[in-house]
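Observations on the model geometry
Here are the chains, one letter per residue:
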Amino acid sequence: MPEQPNSPSNKLLGTSDSFRLLVETVKDYAIVMLDPDGYVASWNVGAERIKGYRQDEIVGKHFSCFYPLDAIERGVPQEELEAAAREGRFEDEGWRVRKDGKQFWASVVITALREKDGTLRGFGKVTRDLTERKRTEERLQQQSREIMELSTPVMQVWRGVVVAPLIGSLDSQRTQQFMERLLNRIVETNSPMALVDIMGVPTIDTQTAQHLVETISAVRLLGAQVVLTGVQPAIAQTLVHLGIDLSDITTRSSLAAGLLVALDMLNLQVVAKDLRS
Amino acid sequence: MAHEDISVIRLRDLLLVTVPPDPDDQTISVLQERVLDAMARQDCRGLVLDISTVQILDSFFARTVAETVQMVSLMGGRTVLAGMRASVAITATQLGLTMGKALTALDVDRAFDLLGALPPKGDGYE
């Protein structure tokens, strides 16, 4: 550790010494100076922590050893230096390699450092380890995919009747997936009736309604009919206020009522057991 | 595509035509003619178009089918499209291809049920 300032009267800020101290001791960023050809000229504690090399091991080595092999083969390190020299700075996120061979997801900024007369003195390279954030992002994406899978089940509830409860809002990607599932299920189960329940759809807008209408016309092309169920008061109000015309679609407020419609269309009837027999 | 492949089968008072898997424009036109010929020769009250093997549907196909439905209707018959594949239905919807006033059914069996259950055309049903 460099020596600590011994008195508060020490004018810490504004001196180049204290600035050097900051760069050398900051642990969360790897702050590295490169010479104009890309050889490491200085190293800090953060760089040692993130990349694994000690200062005496790395100073004088070429900075391409931080990159994965395939990136080196594609000439990425050189390209990045050239871009930084050309544009003044270069920013990138990608996989980099530690001394022990493990990869980490890095956010890198390379800044060209020039003398007053414009000659290139070298590069400043600031690297952050964003592996955790990257993993979190990937986990989130996977989870949202899973949620999407989970939220569009299509179940057969009677011979010839399938039910598809919709939960959450319908964007075009979900519509596509929902449509595929529903239509495939209808064909698989040879069901002429499909109940689409929108009880779990919080709000409806023109786009969602459009997606619903599209799905329903695709189902009709197959030769099946859709009953839209679970139309809540708020949804009914919104539909009318938005001027969305669903008049050629059978709609019901509850799934139970929809099921009755479906059974009726299939010429089926639910009757009470005769208790006397 | 050999046009001899297209057969128009008469079953009771209905016509059954199976559309080949990958029909070109000419095949579709020939199909339309044969269907109308058969409607004229044999007094039929309906047509079932089995499209369960069709994998790709283009705008020409869609338009010809819609026209055929109208023509058959003018000759006093109803048309049912039977067995459209899920993927075809999705594509057709996304491309905005409608099949005119064609009735649809999940398969040929249900198409016959449907036509059998409907009263003959011209009895004030439409």
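Since this is a predicted model, take the numbers as computed values, not measurements.

What counts and what doesn't
- Residues numbered from 1 in each chain as written.
- Chains lettered and ligands numbered in written order.
- Predicted model: local features only at pLDDT ≥ 70, side-chain atom pairs only at ≥ 80, totals over all residues.
- Helix = DSSP H or I, 4+ residues; strand = E, 2+ residues; numbered from the N terminus.
- Buried ≥ 20, exposed ≤ 12 C-beta atoms within 10 Å, placed from the backbone.
- Contact = placed C-beta atoms within 7 Å.
- pLDDT = per-residue confidence, 0-100.
- Pairing = 2+ DSSP bridges.
- Right-handed = clockwise from strand over helix to strand, strands pointing away.
- Nonpolar A, V, L, I, M, F, W, Y, C, P; charged D, E, K, R; others polar.
- Axes fitted to C-alpha atoms, helices over the stretch in contact; angles between N-to-C directions.
- Core = buried A, V, L, I, M, F, W, Y, C linked by C-beta atoms within 7 Å.
- Expected span 1.5 Å × (residues − 1).
- Arc of directions from axis to C-beta.
- Parallel < 35°, antiparallel > 145°, perpendicular 65-115°, else oblique.
- Left-handed = near helix turned anticlockwise from the far one by under 90°.

Thoughts on the overall build of chain A
- A tally of regular secondary structure across chain A gives 10 helices and 10 strands.
- With 277 residues in all, chain A has 27% of them scored as buried.
- Across chain A, every contact between residues at least 6 apart in sequence was considered, and the portion connecting residues at least 24 apart equals 56%.

Structural notes on the confidence of the model for chain A
- When pLDDT is averaged along chain A, the result is 86, and 94% of the positions lie at 70 or above.
- When pLDDT is averaged over each element of chain A, strand 9 (residues 225–229) of chain A comes out on top at 94 and helix 1 (residues 16–25) of chain A at the bottom at 81.

Digging into the pairing of strand 3 (residues 46–50) of chain B
Residue and element names in this part refer to chain B.
- Burial within strand 3 is extensive, with five of its five residues counted as buried.
- The side-chain alternation of strand 3 yields two buried faces, one formed by Gly46, Val48 and Asp50 and the other by Leu47 and Leu49.
- Note that strand 2 (residues 14–18) and strand 3 share five bridges and pair parallel. Its bridge partner being in strand 3, threonine 18 is matched across the sheet by aspartate 50.
- A crossover links strand 2 with its parallel partner strand 3, the connecting element being helix 1 (residues 25–41), and its sense is right-handed.
- As judged from the five bridges shared by strand 3 and strand 4 (residues 78–82), these two strands associate in the parallel manner. Considered in strand 4, the bridge of leucine 47 is made with threonine 79.

Digging into the interface of chain B and chain A
- The partner chain A presents 15 residues to the 13 residues of chain B that form the contact.
- Put simply, the parts of the chain that give the side of chain B that touches chain A at least two residues each are helix 3 (86–94) and strand 5 (103–105) of chain B.
- Looking at which element gives the most residues to the side of chain B that touches chain A, the answer is helix 3 of chain B, with five residues.
- Taken together, the residues of the side of chain B that touches chain A break down into nine nonpolar, two polar and two charged.

Thoughts on the confidence of the model for chain B
- Summarising the model, chain B shows a mean pLDDT of 85, and 91% of its residues fall at 70 or more.
- Here the predicted complex scores 0.63 on pTM and 0.78 on ipTM.

Some points on the sheet that holds strand 4 (residues 103–114) of chain A
All names here are of chain A.
- The strand order across the open sheet built from five strands is 2-1-5-4-3, with neighbouring strands paired in antiparallel fashion. Every other strand in the sheet has two partners, leaving strand 2 (40–42) and strand 3 (89–97) as the edge strands with one partner each. Between one strand axis and the next, the sheet turns through 35 degrees on average, direction left out of account.
- With five bridges connecting them, strand 1 (residues 30–34) and strand 5 (residues 120–129) associate as antiparallel partners. Note that in strand 5 the partner of methionine 33 across the bridge is glycine 124.

Observations concerning the nonpolar core
- Among the nonpolar cores identified, the biggest contains 68 residues, and Leu183(A), Ala194(A), Val219(A), Leu222(A) and Ala89(B) are the most heavily contacted of them.
- Among residues more than four places away in sequence, those in contact with Val219(A) are Leu182(A), Leu183(A), Ile186(A), Ala194(A), Ala224(A) and Val226(A).
- Residues Trp43(A), Phe63(A), Ala84(A) and Ala112(A) belong to the second largest nonpolar core, which totals 16 residues.

Thoughts on helix 7 (residues 172–189) of chain A
Residue and element names in this part refer to chain A.
- Look at helix 7: 25 Å from first C-alpha to last across 18 residues, which is about the 26 Å you get at 1.5 Å a residue.
- Of the positions making up helix 7, those classed as buried are Phe178, Met179, Leu182, Leu183, Ile186 and Val187. The buried residues of helix 7 occupy an angular sector of 155 degrees when projected down its axis, which confines them to one face. Exposed residues lying more than 90 degrees from the buried face of helix 7 are Gln173 and Glu188.
- Positioned one or two residues after helix 7, asparagine 190 has a phi angle of 50 degrees, which is positive.

A short note on the packing of helix 7 of chain A against helix 3 of chain B
- The contact between helix 7 of chain A and helix 3 of chain B brings their axes to 9 Å, and the two run at 140 degrees. On the basis of their axis angle, the class for helix 7 of chain A and helix 3 of chain B is oblique. Between helix 7 of chain A and helix 3 of chain B the crossing geometry is right-handed. Of the residues in helix 3 of chain B, those touching helix 7 of chain A at Met179(A), Glu180(A), Leu183(A), Asn184(A) and Val187(A) are Ala86(B), Ala89(B) and Ile90(B).
- Taken together, the residues of the contact of helix 7 of chain A with helix 3 of chain B sort by class into six nonpolar, one polar and one charged.

Regarding the sheet that holds strand 8 (residues 193–200) of chain A
All names here are of chain A.
- If you walk across this open sheet you meet the five strands as 6-7-8-9-10, and the pairing is mixed. This sheet does not close on itself; its edge strands, each paired only once, are strand 6 (155–158) and strand 10 (250–251).
- One ladder, built from two bridges, connects strand 9 with strand 10; its direction is parallel. Note that in strand 10 the partner of valine 227 across the bridge is threonine 250.
- Contacts from helix 7 reach strand 6, strand 7 (161–167) and strand 8 within the one sheet, and its direction differs from that of strand 7 by about 165 degrees.

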